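Tertiary structure, described
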Amino acid sequence: MNVGVLALQGDVREHVEALCDLGLSAKVVKLPRDLEDLQGLIIPGGESTTIGKLMVIYDLLEPIRERILAGKMAAWGTCAGMILLSKDVGGHDQPLLGVMDTCIQRNAFGSQVDSFEAEVLIQAIGDAPFPAVFIRAPVVESIGPNVKVLGRLPSNGWTVAIQQEMMLATSFHPEIVKDRRLHRHFLTLCSLVDA
Amino acid sequence: MEKGTWLVKTGMAQMLKGGVIMDVVTPEQARIAEDAGAVAVMALERVPADIRVQGGVARMSDPELVLQIKNAVTIPVMAKCRIGHFVEAQVLEALGIDYIDESEVLTPADEEHHIDKDAFTIPFVCGARDLGEALRRIGEGAAMIRTKGEAGTGNVVEAVRHIRAVGGAIRRLQTMRSEELMAQAKELGAPHSLVVEVAERGALPVVNFSAGGIATPADAALMMQLGCDGNFVGSGIFKSEDPAIRAAAIVKATTHYQDPEIVAEVSRGLGEPMSGLDVRSMPSEELLAPRGW
């Protein structure tokens, strides 16, 4: 199975290592030619404005959007990646893939001093709560009818993990903890893609 | 909900990897940096090149300026405090910025002690010239390291010296037997537990950026190929002829550092870089990197 990590900026290596733990050699995606044959693409944590601008400059935005919408590629965005997959970020003018029917609020918890760790229950991957790290994290403000909520923050009920068909998005960073259940869940989605 | 944990502090730096953090002195410059693709800005009253020229005691920036810059952008904002000046750090934490740089670019407030960074919720980045210095800062709680280089010179030679020193020392650790690591910890002046961790991982336990003299896209790509996780660019952008174009070019070269064709393309027609200083001809009291230990 061919799975890539978008490597324009952010914590690319952590995702590559997580996939390696699951026996998969991930492809590093920097240019459109790197997308060929990919069944899945992870958009890592980082700065969504930086990654978005570089996607435009290096002609990645349209090819990624097209592959996802054509059902040729599953996608997972963590933090910045969640922002980039969404249709709307509350009026901020920044490049987006716009493939998930969601409205996202950036930096919903404030600045870095308000970043935190919390446990989030995600039934789709098992009964044990997931150790989630939120770093200047976004949250999901609203979702369309075809979007499924996978996890909420226990303290206030805010939506922090969602799925829409073959697309996954999390406000937090599974790539920087040891728990690989969400990466495994994503690979299951990738395996359903008709390559 | 647990705030200010080691994972939260080091994780923030992990999200900056592959990016460029730019020194800015006005909200307008901050917006230019953000538009060029910076992953964060460093809010300052004066860039290092001007601190060199103007002399005097360089202190933390006016909180009013820091807040104006914070309000101008959506990307993370960092600010510098003096080495050892933990009250300046408390003030910056209270302003709700994202990262503090305990920096040798400002005049040190304490020549013996650095700040106890574990005592803070906000994460810190600190400069280092070699592995021992990096591990001492991490031992105090720094969640990110940068090579010191020689700030405000536009000359990459010291940044290269420092990343080579760090990388070379790590490779040597990896060849050692376990009982040799305590002697090595003594020689490095670094905590034994961190020396063992670095020997096992073959890398620092935190993200390491370059800083101090990066002025061109090729400089930025050089530091990435030498093993840095990203670049701080200080005077190199806003002391050049066309800051917006140079800033965008350095961002692209940092992403595509392994692709000489792209580095060549983005290096074309950028106008004059900042004028550089020959570090060898500078009197030792003008050097910033030896500040701190």
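See above for the structure.
What counts as what
- Residues numbered from 1 in each chain as written.
- Chains lettered and ligands numbered in written order.
- Predicted model: local features only at pLDDT ≥ 70, side-chain atom pairs only at ≥ 80, totals over all residues.
- Heavy atoms only, no water.
- Pairing = 2+ DSSP bridges.
- Helix = DSSP H or I, 4+ residues; strand = E, 2+ residues; numbered from the N terminus.
- Axes fitted to C-alpha atoms, helices over the stretch in contact; angles between N-to-C directions.
- Salt bridge = Lys/Arg side-chain N within 4 Å of Asp/Glu carboxyl O.
- Buried < 20%, exposed > 50% of the residue type's maximum accessible area, 1.4 Å probe, protein only.
- Contact = heavy atoms within 4.5 Å.
- Phe/Tyr/Trp six-rings, centres within 6.5 Å; stacked < 30°, edge-to-face > 60°.
- Lys NZ or Arg CZ within 6 Å of the ring centre and 35° of its normal.
- Core = buried A, V, L, I, M, F, W, Y, C linked by side-chain atoms within 4.5 Å.
- Polar contact = N/O pair within 3.5 Å; in protein donor to acceptor, adjacent residues only side chain to side chain.
- Buried area = accessible area lost by both parts, 1.4 Å probe.
- Nonpolar A, V, L, I, M, F, W, Y, C, P; charged D, E, K, R; others polar.
- Left-handed = near helix turned anticlockwise from the far one by under 90°.

**Section: the sheet that holds strand β3 (residues 40–43) of chain B**
Residues and elements named next belong to chain B.
- A sheet is described by the order of its strands in space; here eight strands give the open sequence β8-β7-β6-β5-β4-β3-β2-β9, paired in parallel fashion. Each end of this open sheet is capped by a strand with a single partner; those strands are β8 (207–209) and β9 (231–233). Neighbouring strand axes in the sheet, compared pairwise and without regard to direction, differ in orientation by 30 degrees on average.
- In the sheet, strand β6 (residues 124–128) pairs with strand β7 (residues 144–147) via four bridges, with the strands oriented parallel.

**Some remarks on the pattern of salt bridges**
Residue and element names in this part refer to chain B.
- For the structure on display, the rule yields 24 salt bridges over all chains.
- For Arg-52, the salt bridge identified is with Glu-150, shortest N-O distance 2.5 Å. Of this pair, Arg-52 sits in helix α3 (residues 48–54) while Glu-150 sits in the loop between β7 and α7 (157–174), and the two are 98 residues apart along the sequence.
- Residues Arg-177 and Glu-179 are paired through a salt bridge, measuring 2.7 Å at the closest nitrogen-oxygen approach.
- Taking the relative accessible area as the measure of exposure, Arg-177 reaches 54% and is therefore exposed.
- Beyond isolated ion pairs, a larger network of salt bridges with shared partners links Lys-80, Asp-101, Glu-104 and Arg-146.

**Notes on the sheet that holds strand β1 (residues 2–3) of chain B**
- Pairing is antiparallel across the open sheet formed by three strands, whose spatial order is β8(A)-β7(A)-β1(B). Bordering the open sheet on either side are β8 (130–134) of chain A together with β1 of chain B, each of which pairs with just one other strand.
- With two bridges joining them, strand β7 (residues 116–120) of chain A and β1(B) adopt antiparallel strand pairing. Across the sheet, residue Glu117(A) finds its bridge partner in β1(B), namely Glu2(B).
- Sitting on the sheet, helix α1 (residues 6–15) of chain B is in contact with β7 and β8 of chain A together with β1 of chain B, with an inclination near 110 degrees to β7(A).

**Observations regarding the packing of aromatic side chains**
- Tallying each qualifying case throughout the model produces nine aromatic pairs over all chains.
- With a centroid separation of 5.8 Å and an interplanar angle of 40 degrees, the aromatic rings of Phe130(A) and Phe172(A) are classed as tilted. Highlighted residues: Phe130(A) in strand β8 and Phe172(A) in the loop between β12 (167–170) and α5 (181–191), separated in sequence by 42 residues.
- Under the relative-accessibility criterion, Phe172(A) is labelled buried at 0%.
- Between the NZ or CZ atom of Arg137(B) and the centre of the ring of Trp293(B), over which it lies, the distance is 5.0 Å.

**With respect to the nonpolar core**
- By size, the foremost hydrophobic cluster in this structure holds 85 residues, and its most contacted members are Leu6(A) and Ile64(A).
- Per-element tally for this core: the top contributor is helix α12 (residues 243–255) of chain B, with six residues.
- Here Ile64(A) is in contact with Leu6(A), Leu35(A), Leu41(A), Met55(A), Met73(A) and Leu97(A), once residues within four sequence places are set aside.
- Residues Leu189(A), Cys190(A), Ala40(B) and Val47(B) belong to the second largest nonpolar core, which totals 62 residues.

**Observations regarding the side chain of Ser61(B)**
Residue and element names in this part refer to chain B.
- Within the secondary structure, Ser-61 sits in the loop between α3 and α4 (63–72).
- Classification of Ser-61 as buried rests on a relative accessible area of 5%.
- Engagement of the side chain of Ser-61 in a polar contact is seen with the backbone nitrogen of Glu-45, the distance being 3.0 Å.
- Contacts of Ser-61, omitting those with residues within four sequence positions, involve Ala-43, Leu-44, Glu-45 and Val-66.

**Quick word on the interface of chain A and chain B**
- Taken together, the contact between chain A and chain B spans 38 residues of the former and 41 residues of the latter.
- For the pair chain A and chain B, the summed buried surface comes to about 3,000 Å²; carbon and sulfur atoms form 58% of the total.
- Contact with chain B buries surface across chain A, with Gln112(A), Val113(A) and Glu117(A) losing the most and accounting together for 20% of the total.
- Taking the shortest distance from any N to any O, the salt bridge between Arg136(A) and Asp98(B) comes out at 3.1 Å.
- At the surface where chain A touches chain B, the tally comes to 21 residue pairs in polar contact (both at pLDDT 80 or more).
- When residues of the side of chain A that touches chain B are traced back to their parent elements, those giving at least two are α1 (12–21), α2 (48–57) and β7 of chain A.
- Broken down by element, the residue count for the side of chain A that touches chain B peaks at five residues, all from α2(A).
- Tallied by class, residues from the side of chain A that touches chain B come to 13 nonpolar, 13 polar and twelve charged.

**Here's the deal with the pairing of strand β4 (residues 77–82) of chain B**
Residue and element names in this part refer to chain B.
- Counted residue by residue, β4 has six buried out of six residues, so it is predominantly covered.
- Burial along β4 is two-sided: the residues Val-77, Ala-79 and Cys-81 and Met-78, Lys-80 and Arg-82 are all buried.
- In terms of strand pairing, β3 meets β4 through three bridges, oriented parallel. Within the sheet, the bridge partner assigned to Val-41 lies in β4 and is Val-77.

**Thoughts on the packing of helix α2 (residues 27–36) of chain B against α4(B)**
Residues and elements named next belong to chain B.
- With their axes 8 Å apart at the nearest point, α2 and α4 run at an angle of 35 degrees to one another. Once α2 is placed against α4, the crossing between them reads as right-handed. Contact residues: α2 offers Pro-27, Ala-30, Arg-31 and Glu-34, while α4 offers Gln-68, Ile-69 and Ala-72.
- By residue class, the composition of the contact of α2 with α4 is four nonpolar, one polar and two charged.

**A closer look at the packing of helix α6 (residues 131–139) of chain B against helix α9 (residues 192–201) of chain B**
Residue and element names in this part refer to chain B.
- Contact geometry of α6 with α9 gives a least axis separation of 10 Å together with a crossing angle of 120 degrees. For the pair α6 and α9, the crossing hand works out as right-handed. Seen from α6, the contacting residues are Leu-135, Ile-138 and Gly-139; seen from α9, they are Leu-194, Val-195 and Val-198.
- Within the contact of α6 with α9, the residues separate by chemical class into five nonpolar, one polar and no charged.

**Concerning the side chain of His162(B)**
- Inspection of the secondary structure assignment puts His162(B) in helix α7.
- Judged by relative accessible area, His162(B) falls into the buried class, the value being 4%.

These figures come from the coordinates and say nothing about function on their own.
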